[in-house]
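Chain by chain, the residues run as shown.
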Amino acid sequence: MVALTLLESAKLAAARGEVKRAAVIQTFRKESDLLATLPFMPIQGSAYAYNIEQTLPGIAFRGVNEAFTPSAGVISNATEPLKIGGGELDVDTAIIKMHGIGVRTSHEQMKTKALARQVSYDLIEGLSTDPKSMVGLKSRVPAGGAQALALASAAGLSMKLLDELIGMVDDPTHLLMN
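Residues numbered from 1 in each chain as written. Predicted model: local features only at pLDDT ≥ 70, side-chain atom pairs only at ≥ 80, totals over all residues. Heavy atoms only, no water.

## So, the nonpolar core
The cut-off we apply is this: The criterion is simple. A nonpolar core is a set of buried Ala, Val, Leu, Ile, Met, Phe, Trp, Tyr and Cys residues joined through side-chain atoms within 4.5 Å. Buried means the residue's accessible area, taken with a 1.4 Å probe over protein chains only, is under 20% of the maximum for its type, while exposed means over 50%, and partly exposed covers the values in between. Starting at the N terminus, helices and strands are each numbered in turn, a helix being any DSSP run of H or I of at least four residues and a strand any DSSP run of E of at least two.
Counting residues in hydrophobic clusters, the biggest one holds six residues: Leu6, Ala10, Ile25, Phe28, Leu35 and Ala116. Among the secondary structure elements, those contributing two or more residues to this core are helix 1 (6-15) and helix 2 (19-31).

Right under this line is the structure:
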């Protein structure tokens, strides 16, 4: 499966003549720097399955005519259920007759902006207590865990700690902070 950014998806939709779809994707991209950066891919079914490396296999050195001690890594399977987000949009036909179809377009853009903001928020802050909503990074990376960097003082993030934080991530491409 090919993963595309929202910009690439919008260009593809526009090239296919899907003007409304391209406009909605562009609104998502403009409303959220986080969503604009992430690659998205199509998923068949109702969940995404992937593997997590739990433990790497052991490595050793050996002498001539000696054998290695066998070892194996541990891989666990994980599944991420897909979530359905959105909302109903109802614009009175009388309002459209009075002000034109542009009113409907404005309401569609507002709904798209609200959804982009909610998805962005939930990607970071989403709680695991709501089975209908997304689980965010805050729930997945607990404070004090192996993937979290604890600040030793109230002085904040120093260049040394920033380097340490970047070193904790495989092939980092972005820094996300408030």
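## Looking at the packing of helix 1 against helix 2
Packed helix pairs are specified by the crossing angle of their axes together with the interaxial distance, meaning the distance between the axes. The line we're drawing: To get an axis, a line is fitted to the C-alpha atoms, and for a helix only the part in contact is used. The angle between two axes follows their N-to-C directions and goes from 0 to 180 degrees. In what follows, roughly perpendicular refers to angles from 65 to 115 degrees, roughly parallel to angles under 35, roughly antiparallel to angles over 145, and oblique to any angle outside these ranges. By convention, the crossing between two helices is left-handed when the near helix turns anticlockwise from the far helix through less than a right angle, and right-handed when the turn is clockwise. Any two residues whose heavy atoms approach within 4.5 Å are treated as being in contact. In this count, Pro and Cys sit with the nonpolar residues alongside Ala, Val, Leu, Ile, Met, Phe, Trp and Tyr, while Asp, Glu, Lys and Arg are called charged and the others, Gly among them, polar.
The interhelical angle for the contact between helix 1 and helix 2, taken along N-to-C directions, is 165°, at an axis separation of 8 Å. By the criterion of interaxial angle, the relationship of helix 1 to helix 2 is roughly antiparallel. Between helix 1 and helix 2 the crossing geometry is left-handed. Across the interface between the two elements, Leu6, Leu7, Ser9, Ala10, Ala13 and Ala14 from helix 1 touch Arg21, Ala22, Ile25, Gln26, Phe28 and Arg29 from helix 2. Residues that form the contact of helix 1 with helix 2 fall into these classes: eight nonpolar, two polar and two charged.

## What about the side chain of Thr112?
Following the sequence through the fold, Thr112 ends up in helix 5 (residues 102-125). When sequence neighbours within four positions are dropped, the list of residues in contact with Thr112 reads Val24, Thr27 and Phe28.

## Here's the deal with the side chain of Ser120
We apply this condition: Polar contact is defined as a pair of N or O atoms within 3.5 Å, subject to the rule that within protein one atom must be able to donate a hydrogen and the other to accept it, and that residues adjacent in sequence are counted only when both atoms are side-chain atoms.
Checked against the element boundaries, Ser120 lands in helix 5. Note on Ser120: relative accessible area 14%, which makes it buried. Polar contacts involving the side chain of Ser120 include one to the side chain of Ser32, which spans 2.5 Å. A polar contact of 2.9 Å, which involves the side chain of Ser120, links it to the backbone oxygen of Ala116. What Ser120 contacts, discounting residues up to four positions off in sequence, is Ser32, Leu34 and Leu35.

## Some words on the environment of Asp33
Its place among the elements puts Asp33 in helix 3 (residues 33-37). For the pair Asp33 and Asp163, spaced 130 residues apart in the sequence, the C-alpha separation amounts to 23 Å.

## Some details on unusual backbone geometry
The phi dihedral of Asn65 falls on the positive side, at around 65°, and the residue is not glycine. Within the secondary structure layout, Asn65 lies in the loop between strand 1 (47-55) and strand 2 (74-81). One non-glycine residue, Asp171, lies in the positive phi region at around 50°. Note that Asp171 resides in the segment after helix 7 (159-167). Taking relative accessible area as the criterion, Asp171 reaches 73% and is therefore assigned exposed.

## Some remarks on the environment of Gln109
You can see Gln109 is positioned in helix 5. On a C-alpha basis, the gap between Gln109 and Val24 in space is 7.3 Å, while along the polypeptide they are 85 residues apart.

## Here we look at the pattern of salt bridges
Rule in force here: By definition here, a salt bridge exists when the distance from a side-chain nitrogen of Lys or Arg to a carboxyl oxygen of Asp or Glu is within 4 Å.
Counted according to the given criterion, the structure contains six salt bridges. Linking Arg140 and Glu80 is a salt bridge whose minimum nitrogen-to-oxygen distance equals 2.6 Å. Remark: Glu80 occurs in strand 2 and Arg140 occurs in helix 6 (residues 137-140); sequence separation between them is 60 residues. Accessibility expressed as a relative area gives 37% for Arg140, which makes it partly exposed. Judged by its relative accessible area of 24%, Glu80 falls in the partly exposed class. Of the charged contacts, one joins Arg104 and Glu108 as a salt bridge, the two residues approaching to 3.1 Å between their closest N and O atoms. Of this pair, Arg104 and Glu108 both sit in helix 5, four residues apart, roughly one helical turn. Each member of the salt-bridge network shares a partner with another, and the members are Lys20, Arg104 and Glu108.

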